[in-house]
Amino acid sequence: MKVILQQDVKGKGKKGQMIEVSDGYARNYMLPRKIAVEATADNINTMRMTDKARLERETRERAEAIAIRDRLKETVVHLKAKGGGAGKLFGSVTAQEVADALLAQEGVALDKRRIILDESIKNVGVYTVRCKLGYEVTGSFRLDVQEL
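On a predicted model such as this, the values are computed, not experimentally measured, just so you know.

Asks: Account for the nonpolar core, with residues named and values stated.
Replies: For soluble globular proteins, nonpolar side chains are generally found buried alongside one another. Grouped together as the largest cluster of nonpolar side chains are 24 residues, with contacts concentrated most on V93, L102, L110, I115, F141, L143 and V145. At the level of elements, α2 (41-72), β4 (76-81), β6 (88-93), α3 (95-106), β9 (125-134) and β10 (137-147) are the ones that each hand at least two residues to this core. Ranked by residues supplied to this core, first place goes to α3 with 5 residues. Ignoring any residue separated from it by four or fewer positions in sequence, one finds V93 in contact with L79, V98, L117, I121 and V145. Core analysis: the next-biggest nonpolar cluster, separate from the first, contains 9 residues, V3, A26, M30 and A36 among them.

Asks: Which residues make up α2, and what values go with them?
Replies: Taking 1.5 Å per residue, 32 residues should reach 46 Å; α2 reaches 47 Å between its end C-alpha atoms and fits that length. Looking at the buried residues of α2, the elements they touch are β1 (2-5), β2 (18-20), α3, β9 and β10.

Asks: Describe in detail the confidence of the model for the protein, supporting the description with residues and values.
Replies: Residues with a pLDDT of 70 or more make up 100% of the protein, whose mean pLDDT is 91. For the protein, per-element mean pLDDT is lowest for strand β5 (residues 83-85), which scores 82, and highest for strand β3 (residues 36-38), which scores 95.

Asks: An account of unusual backbone geometry is needed here, citing residue identities and associated values.
Replies: One non-glycine residue, Y135, lies in the positive phi region at around 55 degrees. In this structure, Y135 sits in the loop between β9 and β10. The residue E136 is not glycine, and still its phi comes out positive at about 60 degrees. Here E136 is to be found in the loop between β9 and β10.

Asks: Account for the side chain of T75, naming residues and giving values.
Replies: Residue position: T75 is located in the loop between α2 and β4. The class of T75 is buried, set by a relative accessible area of 6%. Dropping the residues within four chain positions of it, T75 is found in contact with E106, F141 and R142.

Asks: Report on the pairing of β10, specifying residues and quantitative values.
Replies: Inspection of the sheet shows β4 paired to β10 by 6 bridges, in the parallel sense. Paired with V76 across the two strands is R142, which belongs to β10. Across 9 bridges, β9 lies against β10 in antiparallel orientation. Looking at the pairing, Y127 lines up with L143 of β10. Where β9 hands over to β10, the hairpin turn is made up of 2 residues, of which Y135 adopts a positive phi near 55 degrees.

Asks: Can you tell me about the packing of aromatic side chains, naming the residues and giving the values?
Replies: Per the stated rule, a full pass over the model turns up 1 aromatic pair. A ring pair is formed by Y25 and Y29, whose centres lie 5.5 Å apart and whose planes are at 10 degrees; its orientation type is stacked. Taken as a pair, Y25 and Y29 lie in helix α1 (residues 23-30) at a separation of 4 residues, close to a single helical turn. The exposure class of Y29 is partly exposed, given its relative accessible area of 35%.

Calculation rules
- Residues numbered from 1 in each chain as written.
- Predicted model: local features only at pLDDT ≥ 70, side-chain atom pairs only at ≥ 80, totals over all residues.
- Heavy atoms only, no water.
- Core = buried A, V, L, I, M, F, W, Y, C linked by side-chain atoms within 4.5 Å.
- Buried < 20%, exposed > 50% of the residue type's maximum accessible area, 1.4 Å probe, protein only.
- Helix = DSSP H or I, 4+ residues; strand = E, 2+ residues; numbered from the N terminus.
- Contact = heavy atoms within 4.5 Å.
- Expected span 1.5 Å × (residues − 1).
- pLDDT = per-residue confidence, 0-100.
- Pairing = 2+ DSSP bridges.
- Phe/Tyr/Trp six-rings, centres within 6.5 Å; stacked < 30°, edge-to-face > 60°.

Have a look at this one:
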């Protein structure tokens, strides 16, 4: 029996795939638990429309990520942090602080988990910060840390 998976099934396939399984497995396990639906003409058409919409969304999001990467390439974000003199900071600059400064100065909203700090920033200076923008697109910008 051909079924369309409604969620990932280990050893069988990913969500949205149409697979062939035995009749008993489909009727007694997959269909009652709503893991899959029978591959009727309507369900196949719905699956194709969903795939098409997902592909368009991914293409649009990838283009947005590339646009953000190009915008960040020449960006310098200025961040002021409390310091103890001689170029040392109290504590270190966090990814959340970098994300907040990027949003305030450039209008680019990035989650703190997408910002990669290669080393902890504990001194005043200029650093290169990398960020994951999604769909295997990474960008970088310069971070100028100054003492308050």
